[in-house]
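# Chains, contacts and geometry: an overview
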Amino acid sequence: MGKDIQDYLDKGINGAPQLRPDEKRKFLGTYRERVVFVLTYAELTKDQYKAFCLEQIEHHPNGTILINANVNMTIQSQIMKLSQEQQVTFRLVDTNDLTPKPESIALVYTLDHAIDKEDIYLTIPIKKTSPELEKSVVNPVSEVPKAESFFKKLFKRK
């Protein structure tokens, strides 16, 4: 009976244990074996991404598009419009990554069951992106000024 109580307390303090939380975080809340394809921030700047999405959705209907909430609002609205036209659900996923890299995952198309597709990455060649391009894909996050530390305030010379 002691182990049951400890398990109950652990679940109350830490929450229910999750299966492969790092994998779910990487793929915007889903498991790798359910993923049909992923797109990075850099790939969302290519015109070919829409045609690729349409082709994949046609081959694998009834999925869900997971969009990283850090994606630029213009691109988010394009993806939402595409999902509505194809009658596919979409969901914005908030991540802790405030400064994503061009190779970070920005969009995931997933099914509700495992398909174990081997190649889930888009094969459009990606050129080195410029900082302006990166800023155009990622929502701007306002810089929060750092507060002065307690010890700096304490030992500050007047």
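Attention in this report is confined to the structure presented alongside it. (Residues numbered from 1 in each chain as written. Predicted model: local features only at pLDDT ≥ 70, side-chain atom pairs only at ≥ 80, totals over all residues. Heavy atoms only, no water.)

This part covers the overall build of the protein. Secondary structure assignment for the protein yields six helices and four strands. Of the regular secondary structure in the protein, the N- to C-terminal order runs α-α-β-α-β-α-β-β-α-α. When burial is assessed residue by residue, the protein has 35% of its 158 residues classed as buried. Of the contacts formed within the protein by residues at least 6 apart in sequence, a portion of 81% connects residues at least 24 apart. Accessible surface, the protein: about 11300 Å² in total, of which carbon and sulfur atoms supply 54%. (Helix = DSSP H or I, 4+ residues; strand = E, 2+ residues; numbered from the N terminus. Buried < 20%, exposed > 50% of the residue type's maximum accessible area, 1.4 Å probe, protein only. Contact = heavy atoms within 4.5 Å. Areas by Shrake-Rupley, 256 points an atom, 1.4 Å probe, with all protein chains shown as cover.)

Another aspect to go through is the sheet that holds strand β4 (residues 105–110). Strand order in the open sheet formed by four strands is β1-β4-β2-β3, and the pairing between neighbours is mixed. Of all strands in the sheet, those bounded by a partner on one side alone are β1 (35–40) and β3 (89–93). Pairs of neighbouring strands in the sheet enclose a mean axial angle of 15°, with direction left out of account. Where helix α3 (residues 48–59) meets the sheet, it contacts β1, β2 (64–68) and β4, and its direction lies at approximately 170° from that of β1. The strands touched by helix α4 (residues 73–85) are β2, β3 and β4; relative to β2, the strand with the most contacts, the crossing angle is about 175°. (Pairing = 2+ DSSP bridges. Axes fitted to C-alpha atoms, helices over the stretch in contact; angles between N-to-C directions.)

This brings us to the side chain of T30. Structurally, the position occupied by T30 is in the loop between α2 (21–26) and β1. Residue T30 is classed as buried on the basis of its relative accessible area, which comes to 7%. Within polar-contact distance, the side chain of T30 engages the side chain of T110 at 3.2 Å. Those residues in contact with T30 that sit more than four places away from it in its chain are E23, K24, V35, L66, V108 and T110. (Polar contact = N/O pair within 3.5 Å; in protein donor to acceptor, adjacent residues only side chain to side chain.)

Moving on, we get to the pattern of salt bridges. When the charged atoms of two side chains lie near each other, side chains of opposite charge can form a pair. Counted by the stated rule, this structure contains three salt bridges. Of the charged contacts, one joins E23 and R20 as a salt bridge, the two residues approaching to 3.6 Å between their closest N and O atoms. The exposure class of R20 is partly exposed, given its relative accessible area of 35%. For R20, the salt bridge is made with E33, and the minimal N-O distance between the two is 2.9 Å. Note that R20 is positioned in the loop between α1 (2–14) and α2 and E33 in the loop between α2 and β1, a separation of 13 residues in sequence. A cluster of three or more residues bridged by salt bridges with shared partners is formed by R20, E23 and E33. (Salt bridge = Lys/Arg side-chain N within 4 Å of Asp/Glu carboxyl O.)

In this model, α3 (12 residues) spans 17 Å end to end at C-alpha, consistent with the 16 Å of a helix rising 1.5 Å per residue. Considered for burial, the residues of α3 that qualify are Y49, F52, C53, Q56 and I57. Projected down its long axis, α3 carries its buried residues within an arc of 130°, all on one side. Of the exposed residues in α3, those oriented more than 90 degrees away from the buried face are A51, E58 and H59. Close packing links the buried residues of α3 with β1, β2, α4 and β4. (Expected span 1.5 Å × (residues − 1). Arc of directions from axis to C-beta.)

Summed over the entire model, instances satisfying the criterion amount to two aromatic pairs. Taking 5.1 Å as the distance between ring centres and 80° as the angle between the ring planes, the aromatic pair formed by F37 and F52 counts as edge-to-face. With F37 in strand β1 and F52 in helix α3, this pair connects stretches of sequence that are 15 residues apart. For the pair shown, F37 and F52 are each scored as buried. Measuring from ring centre to ring centre gives 5.6 Å for F37 and Y109, while their planes differ by 25°; the resulting arrangement is stacked. (Phe/Tyr/Trp six-rings, centres within 6.5 Å; stacked < 30°, edge-to-face > 60°.)

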